Amino acid sequence: MSLICSPIAVESAAEIPLAVERAARARVLGARMVEWRCDGLASREGADAADAIARLVRESPLPSIVTVRSSEEGGACSLAESERLALLARVAKVADAPRMIDVEHAALCADLVRALFAAALATREGDGEGGGGGAAPKLIASSHDFTGRPNDLLRRVAAMQDDPLVSVVKLAWMARSIRDNLEAFDLLASRSKPMIAILMGEFGLMSRVLAPKFGGFLTFASDAEGTGSAPGQPSVRELRDLYRFGAIGPATRVFGVVGWPVAHSRSPAFHNARFAEHGYDGVYLPLPVPSEWEHFKASIGALVDHEKLDFAGASVTIPHKEHLVRFVRERGGGIDADAAWLGAANTLVVHPHGTPDGQRIFATNTDMPAAVEVLSAALATRGRALRGSRIAVIGAGGVGRAIAGGLALAGATVVVFNRDHARAQFVADALSGREVVLADGRAHRTKVVAGAARGEDALACGCFHAFVNCTPVGMEGGPDPLGSPLPDEVHLDDSVVVMDTVYAPRETPLIREARARGAVTVDGEAMFLRQAALQSALFLARW
Ligand code: NAP
C-alpha cells in the first residue's frame, strides 16, 4: 500500500507550532507521513537547528521524513554543503530522530559523506531502543531533475538500489509528456528496494495518483490546495476525494480525459464519482496532450500499448476529436458509423484482449446523441418533434459539427452559421445528403445548409424553432465572456428553444437573455451530463 506524505516547509523554529497543526490537519485528511522541509529552518537557526528539528519530529503527529534540500536539487538551504550534510547526520543521531532522512544521491556518492552517514546510523543502532528514540532512521536517496529526464537515469537507479546505506530510492524528474509516466511505472515494477518515482509538472500527475497501482512507496500531496512543494503536486483532499487514492490497486483500470488544455475539465469529478457509485475498480485522470496529431498518436498509442497500465478508455476533447477517428482507423479499430460520418469522436474504449471480432479499440461520439436528446426534450415541451424543425446552429467547430449532424440525422433542417463562412459551408457540404431511416420508419436525407455569410439578418428571420450556441462566446475565461452569439433583433418567445453548449457559467448571457424573453432554455450542463453519462455507461459496461 502506498502512503500519502504531505511536505510542509518550516522556515524557522518559531513556525513549529503552526507546522505541527498543519500536519495534524493533513493526518485527518488522510496523510500517513509528513516530510518536514527544513531548508529555511536549517539556514536560519544556526547551531540550534538540530534541536529545532528534533522538536519538530517529537511533536509531529505523523511519522517524519526530514529533508534539508540543497539548491542544486531545487531546495532553498543556504548552508555550505558540508554544514548541511553535517546537520543531517546530527539529526540521524539525536534521540528524537525522524523515521527517515532524505539525502541526495549525488551527495551520497562522496566517500566522506558516506562515512559520515554510516557512522551516524551506526551510533544510533548502537544506542538501540535504550537510546531514547527507537530505531535508527532510514536513508532515502533522492535524485531530482527539474528540466527533464536525466540521461543517466538508469545508472542512478542501479547505484541507489545497490547502495547498502540506502533504504528507499526516490526519483523525481520533470515530465515532458504523459508518456514519461510509463517509464516511472516500469521502474517501480522492476524495483528491488522500496521506491518513490514521481514526475513533476502537469504531465506528471499520473505518476502521483497511480503510485499504489505500481507499488510506489509513497506519493507527495499538499495539505492544502496550492501549497505543494513541487510543480504538479495534488492536494491530499484531491487524492482522497477526487481520485479515491485508497481504492487504487494493481488491477485498477485507468481512464482519462485527453485534451489541450485539460486541467479544468469537469470530467474527472464526474467519472470518478460514477466509478465510486458502481463500486468499479477504475480511476479517471486529466491527460494533457499537446494539440498536434503526432503528440496524440504517440501519447495515446503508448498508453494503449502499455501492458501493465490497464488503460481502458478516454473522453477526448478539444482539439483531438478528429485525431481520435484517425488514430482508431490507423490501428484497425472499430468506429461507430455516425462518428465515422462526422469525422469526429469523443470517446475511446480499449478492450484488454480485443472483442470477439478482434478489435481492441473502439471510438464513438456521445456529444451527438446527448445534444439531440436534450434539445428534442425541450422542443417536446412545446409540442414539437425534431423531425421537421428548423434549427440554427451557431459555430462550425467540433461541437457544432456533431450537433448539426445529430439534428440532421433526426430529421431536422439545420442551418449552420459561423464567422468563418467557408467553414460553415464545409460542414454543410459534408453533412448533407446522407440517407437515413428515421425512428418512424420513413426514409430521409440529411439537410444541412450554411447560413448567410453575415448571419445577423438570417438569424432574425423568425423561421427557427431553436438556436444552439456552439461557440465559446459567453464562456468564463473565453474570448467573449460577456457576449451573446444571437443578435438583439432575433425574436424570442415561449415557442422558441435556446440551447447553449457553454457550461461555465451555467447561466451564460445567452441563457439569461433567452429566459428573460420567455424562451425555453437548455444550458450546457444538461448536454455535458448527458454525454458524460453515455460515456460512463460504455466505460462501465465493457467487462
Ligand atoms: P472549436 O472546434 O474550437 O470551434 C469553436 C467554434 O466557435 C468555431 O466555429 C469558431 O469559429 C467559433 N468561435 C470561436 N470564437 C468565437 C468568437 N469570439 N465569436 C464567434 N465565434 C467564435 O470548439 P468546439 O469543440 O466546437 O467547442 C465549442 C464550445 O462548445 C466550447 O467553447 C465549449 O464551451 C462547448 N462544449 C460543450 C460541451 C458540453 O458537453 N456541454 C462539450 C464540448 C464543448 P471559427 O471557425 O470562425 O474559428
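Residues numbered from 1 in each chain as written. Predicted model: local features only at pLDDT ≥ 70, side-chain atom pairs only at ≥ 80, totals over all residues. Heavy atoms only, no water.

Here we come to the sheet that holds strand 13 (residues 347-350). The strand order 10-9-11-13-14-12 describes an open sheet built from six strands, whose pairing is mixed. In this open sheet, the two strands that pair with only one neighbour each are strand 10 (282-288) and strand 12 (334-335). Strand direction decides the pairing type here: strand 13 and strand 14 (residues 361-364), joined by four bridges, are antiparallel. Bridge pairing in strand 14 links V349 to F362. (Pairing = 2+ DSSP bridges. Helix = DSSP H or I, 4+ residues; strand = E, 2+ residues; numbered from the N terminus.)

What follows deals with the site of the ligand. Around the ligand, the structure places 23 residues, and the nearest of them are A396, V399, N418, R419 and R423. Contact between the ligand and G397: an oxygen atom at 3.3 Å from a main-chain N or O atom of the residue. Note that an oxygen atom of the ligand is positioned 3.3 Å from one of the backbone N or O atoms of D420. For the ligand, whose accessible area on its own is 930 Å², the fraction buried by protein is 80%. Those elements that place two or more of their residues in the shell around the ligand are helix 17 (398-409) and helix 21 (524-541). Here the residues of the shell around the ligand sort into 12 nonpolar, eight polar and three charged. (Near = heavy atom within 4 Å. Polar contact = N/O pair within 3.5 Å; in protein donor to acceptor, adjacent residues only side chain to side chain. Areas by Shrake-Rupley, 256 points an atom, 1.4 Å probe, with all protein chains shown as cover. Nonpolar A, V, L, I, M, F, W, Y, C, P; charged D, E, K, R; others polar.)

Axis separation between helix 16 (residues 367-380) and helix 17 bottoms out at 8 Å; the angle between their running directions is 60 degrees. Classed by the angle they form, the pair helix 16 and helix 17 counts as oblique. The hand of the helix 16/helix 17 crossing is right-handed. Each of D367, M368, A371, V372 and L375 in helix 16 lies in contact with helix 17, whose residues at this interface are V399, A402, I403, G405, G406, L407 and L409. Here the contact of helix 16 with helix 17 is composed, by residue class, of nine nonpolar, two polar and one charged. (Axes fitted to C-alpha atoms, helices over the stretch in contact; angles between N-to-C directions. Parallel < 35°, antiparallel > 145°, perpendicular 65-115°, else oblique. Left-handed = near helix turned anticlockwise from the far one by under 90°. Contact = heavy atoms within 4.5 Å.)

This brings us to the sheet that holds strand 21 (residues 497-500). A sheet is described by the order of its strands in space; here six strands give the open sequence 19-16-15-20-21-22, paired in parallel fashion. Edge positions in the sheet fall to strand 19 (447-450) and strand 22 (520-522), since each of these pairs with one other strand and no more. Between one strand axis and the next, the sheet turns by 20 degrees as a mean value, whatever way the strands run. Of the pairings in the sheet, the one linking strand 20 (residues 466-469) to strand 21 comprises four bridges and is parallel in character. In the strand pairing of strand 21, A466 is matched with V497. The strands that helix 16 touches are strand 15 (390-394), strand 20, strand 21 and strand 22; relative to strand 21, the one it contacts most, it runs at about 155 degrees. Packed on one face of the sheet, helix 18 (residues 421-431) meets strand 16 (413-417) and strand 19 and runs near 165 degrees to strand 19.

Here we take up the packing of aromatic side chains. Applying the stated criterion across every chain, the model contains 13 aromatic pairs. Summarising the aromatic geometry, the rings of W293 and F296 are spaced 6.5 Å apart at their centres and angled 25 degrees between planes, so their arrangement reads as stacked. Of the two residues, W293 and F296 both sit in helix 13 (residues 293-305), three residues apart, roughly one turn of that helix. The same class applies to W293 and to F296, which are both buried. Consider the rings of Y503 and F528, whose centres lie 5.0 Å apart with planes at 50 degrees: the pair is tilted. In this pair, Y503 sits in the loop between strand 21 and helix 20 (509-516) while F528 sits in helix 21, placing the two residues 25 residues apart along the sequence. Overall, the relative accessible area of 30% leaves Y503 in the partly exposed class. On the basis of relative accessibility, which here comes to 6%, the residue F528 falls in the buried class. The lysine or arginine in question, K213, covers the ring of F214, its NZ or CZ lying 5.8 Å from the ring centre. (Phe/Tyr/Trp six-rings, centres within 6.5 Å; stacked < 30°, edge-to-face > 60°. Buried < 20%, exposed > 50% of the residue type's maximum accessible area, 1.4 Å probe, protein only. Lys NZ or Arg CZ within 6 Å of the ring centre and 35° of its normal.)

Looking now at helix 14 (residues 321-330). Along an α-helix, residues three or four positions apart point the same way, because every turn accommodates 3.6 residues. Looking at helix 14, one finds that the buried residues are K321, H323, L324, V325, F327 and V328. Of the residues one or two after helix 14, G332 is the one with positive phi, at around 70 degrees.

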